[in-house]
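Notes for the structure review
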Amino acid sequence: MSEDALSHLSPVWNRAWPLLVERGEGPYLIDTSGRRYLDFTCGIGVTNTGHAHPRVVKAIQEQAAKLLHGQAALVVHQPMLRLVEELLPIVPKPLDTFFFTNSGAEVIEGAVKLARHATKRPNVIVFQGSFHGRTNATMAMTTSKTIYRAGYAPLASGVFVAPFPYAYHYAWDEATTVSFCLRELKLLLKSQTAPEETAAIVIEPVLGEGGYVPAPTAFLQSLREICDHYGILLVADEVQAGFGRTGKWFSIEYSGVVPDILVMAKGLASGMPLAGLAAPRDLMEKWIPGSHGGTYGGNPVACAAAVATIQVMRDEKLIENAAAMGEVLMAGLRQLQKQHTEIGDVRGRGLMIASEFTDTQGEPWTDRAKAVAKAAYQQGLLLLTCGSYENVIRWIPPLIVNASQLEDGLEKFQAALEA
Ligand SMILES: Cc1ncc(COP(=O)(O)O)c(C=O)c1O
């Protein structure tokens, strides 16, 4: 690739590293000079089966030779039906009906449109720090960082923001934080969007871009009760936390709560553009046929990749591996926290873990987190930051990762902390 071609790419992509990547192999990315990087970003939580898993690649190649495009509003194709068969035992009951599209933002837009049709109500409630996408509606639902909204006004209306139970941020214990957030949510329903005007409450059961914060079970259970009481639909955005990432198929399973609409993307198809939403049949039947769709949604090659992804995850016990390796990673990070007091908090579920950097006053320490991520890159370890203050280093290794690769990553991280 010439430098000249690079200068013709839009600068809106502010690339994390000056990395010209040639190929991916399991947990590694390899650049054009042959240098290997331990990729603990998974392309932002996508390549859960590792880069170029042979079974996923084979499924893509075979399907590409058969049918590249089968428009879902015109015909039905086998990979989509096979995907439904694979998803049915995975998603919680009574969610049994699926809609597919291409990206996380598109599927969240779809969920909101379904909720509006089904309830005939206009508004949605989201949570502080959430990230739901960058399209017009989802940008208005995103409050993880101002850059996603600044300069794009007017934003779509009908979106109301309640506090997320981020105990470390508030510097409260979990029970106090949950009680405060529920009080504020109830106040929002009294003061800004009446229940009879509220179609959906949309939550990331593990807050992603906003800082990798699992929502406490008591909070999710209370949301379910509030939604049931008022006929509001509960939408779980599992775009980043779903598909085995947290050691369960979907992160909301930790709470025992079943949402009305479950949204998935990223890890679903190992890198092919595919997203889906699941809802009970009677709810899905309230979505007026022909009122939503898209040219590419549910593409056969992407569906074949998703089928292979699910089979690999089952056969190679990747969910179990995510839970087990998550404990190894968490223990290693907690050990490093003891030596480095700037790591104020280590939290997460499975292989979705945060190390939050704070200064001696307990304030977010953005520069330190960014410097450590940069030093990790120099060590050959790819790590991303997240959080509104970008002071959180997030750990999202692929679900195929083993203990020695984690140890290698932790050693590189230690070197980065000491650089
Ligand atoms: C929780 C969540 N929802 C939605 C999205 C938007 O997905 P996409 O970038 O595929 O549009 C993201 C992307 O990071 C996400 O993390």
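Refer to the structure presented above.
The residue count restarts for each chain, going from 1 along the sequence in the order it is written. The model is predicted, so local features are restricted to residues of pLDDT at least 70 and side-chain atom pairs to those at 80 or more, both for listing and for counting; the totals for chains, interfaces and linings are taken over all residues. Remark: hydrogens and water are excluded; side-chain values derive from all non-hydrogen atoms of the structure.

With that out of the way, let us pick up the state of the cysteines. The disulfide criterion is simple: two cysteine sulfur atoms within 2.5 Å. Scanning the entire structure with this criterion turns up zero disulfides. Cysteine Cys42 is unpaired, with the sulfur of Cys386 as its nearest cysteine sulfur at 14 Å. Its relative accessible area of 1% is what places Cys42 among the buried residues. Unpaired in this structure, Cys181 has its nearest cysteine sulfur neighbour in Cys227, at a distance of 15 Å. Relative accessibility thresholds used throughout: buried, under 20% of the residue-type maximum; exposed, over 50%; partly exposed, between the two (1.4 Å probe, protein chains only).

Think of a ball as big as a water molecule: rolled over the atoms, this probe shows where empty space is left. Both site types are read off a 1 Å grid over the protein atoms alone. A 1.4 Å probe that fits but cannot get out defines a cavity, while an open set with protein on both sides within 12 Å along at least five of seven lines defines a pocket; lining residues have an atom within 4 Å of a point. Grid points are joined across faces, edges and corners, and a volume is the space filled by probe spheres set on the points. One pass over the structure, following the stated rule, counts one cavity of 30 Å³ or more. The volume enclosed by the largest cavity comes to roughly 30 Å³. Taken together, Pro205, Ala215, Thr217, Leu220, Ser251, Tyr254, Ser255 and Arg349 make up the full set of residues lining the largest cavity. When its residues are assigned to classes, the lining of the largest cavity shows four nonpolar, three polar and one charged. Under the convention adopted here, Pro, Cys and the residues Ala, Val, Leu, Ile, Met, Phe, Trp and Tyr are nonpolar, Asp, Glu, Lys and Arg are charged, and Gly plus all remaining residues are polar.

A strand pair is defined by DSSP finding two or more bridges across the two strands. By the criteria applied, helices consist of DSSP H or I runs no shorter than four residues and strands consist of E runs no shorter than two, each listed in order from the N terminus. Spatial ordering of the open sheet is given by 13-14-17-16, a layout of four strands whose pairing is antiparallel. The sheet is open, and its two borders are formed by strand 13 (343-349) and strand 16 (384-386), each paired with just one other strand. Averaged over all neighbouring strand pairs, the angle between strand axes comes to 30°, with direction disregarded. Both strand 14 (residues 352-357) and strand 17 (residues 392-395) contribute to a ladder of four bridges, which runs antiparallel. The residue bridging Ile353 from the neighbouring strand is Trp395, located in strand 17. Sitting on the sheet, helix 12 (residues 318-339) touches strand 13, strand 14 and strand 17, and the angle it makes with strand 13 is about 175°. Contacts are residue-level and defined by heavy atoms, with any inter-residue pair within 4.5 Å sufficient. Axes, fitted as lines to C-alpha atoms, cover a helix only where it is in contact. Angles between the N-to-C directions of the axes lie from 0 to 180 degrees. Together, strand 14, strand 16 and strand 17 form the strand contacts of helix 13 (residues 366-379), whose direction differs from that of strand 17 by roughly 40°.

A single heavy atom is enough: if one lies within 4 Å of a molecule or strand, its residue is considered near that molecule or strand. The immediate surroundings of the ligand are formed by Ser103, Gly104, Ala105, Phe131, His132, Gly133, Glu204, Glu209, Asp237, Val239, Gln240 and Lys266. Between the ligand and the protein, one listed contact pairs an oxygen atom with a side-chain N or O atom of Gln240 at 2.8 Å. Surface accessibility follows the Shrake-Rupley procedure with a 1.4 Å probe radius. Residue values consider only the protein chains on display as shielding. Considered on its own, the ligand offers 390 Å² of accessible surface; in the complex 83% of this is hidden by protein. Residue classes in the shell around the ligand are distributed as three nonpolar, five polar and four charged. Any pair of N or O atoms that falls within 3.5 Å is considered a polar contact. Within protein, one atom must be able to donate a hydrogen and the other to accept it, and sequence-neighbouring residues count only if both atoms are side-chain atoms.

With that settled, consider the sheet that holds strand 15 (residues 381-382). As summarised here, the arrangement of the four strands in space is 1-2-3-15, forming an open sheet in which the pairing is mixed. What marks the edges here is a single partner per strand, and that holds for strand 1 (21-25) and strand 15. Relative to strand 15, strand 3 (residues 36-39) is paired through two bridges, and the arrangement is parallel. Residue pairing in the sheet places Leu38 in a bridge with Leu381 of strand 15.

For the rest of this paragraph, the subject is the pattern of salt bridges. What makes a salt bridge here is a side-chain nitrogen of Lys or Arg within 4 Å of a carboxyl oxygen of Asp or Glu, nothing more. Tallying each qualifying case throughout the model produces 15 salt bridges. Between Arg55 and Asp315 there is a salt bridge; the shortest N-O distance is 3.0 Å. Placement of Arg55 in helix 3 (residues 54-66) and of Asp315 in helix 11 (residues 300-315) is noted, with a sequence separation of 260 residues between them. Look at Asp315 and you get partly exposed, because its relative accessible area is 48%. In this structure, Arg368 and Glu342 form a salt bridge, with 2.7 Å as the shortest nitrogen-oxygen distance. Linking Arg368 in helix 13 with Glu342 in the loop between helix 12 and strand 13, this pair joins segments that are 26 residues apart in sequence. Neither residue differs from the other here; Arg368 and Glu342 are each classed as buried.

A pair of Phe, Tyr and Trp rings is counted when the ring centres sit within 6.5 Å of each other, with Trp represented by its six-membered ring. The angle between the planes then sorts it: under 30 degrees is stacked, over 60 is edge-to-face, the rest tilted. Enumeration according to the criterion identifies 14 aromatic pairs in this entry. An angle of 85° between the planes, with centres 5.8 Å apart, marks the rings of Phe243 and Phe250 as edge-to-face. Per residue, the accessibility class of Phe243 equals that of Phe250, and both read buried. Ring pairing ties together the aromatic residues Trp17, Tyr37 and Tyr377, which thus form one cluster. In this scheme, Lys NZ or Arg CZ marks a charge over a ring once it lies within 6 Å of the ring centre and within 35 degrees of the ring normal. One residue, Lys248, lies across the ring of Tyr254, its end atom 5.1 Å from the ring centre. Above the plane of the ring of Tyr254 lies Arg349, whose end atom (NZ or CZ) is 4.6 Å from the centre.

Our next topic: the packing of helix 13 against helix 14 (residues 403-418). Running from N to C, helix 13 and helix 14 point in directions that differ by 125°, and their axes come no closer than 8 Å. One finds that helix 13 runs oblique with respect to helix 14. Relative to helix 14, the crossing made by helix 13 is right-handed. Only Lys412, Phe413, Ala415, Ala416 and Leu417 of helix 14 make contact with helix 13, whose side of the interface consists of Arg368, Val372, Ala375, Ala376 and Gln379. Of the residues belonging to the contact of helix 13 with helix 14, the class tally is seven nonpolar, one polar and two charged. When describing relative orientation, an angle under 35 degrees is termed roughly parallel and one over 145 degrees roughly antiparallel, while 65 to 115 degrees is termed roughly perpendicular and anything else oblique. Here a crossing is called left-handed whenever its near helix is offset anticlockwise from the far helix by less than a right angle, and right-handed whenever the offset is clockwise.

Shape descriptors only; they carry no functional weight alone.
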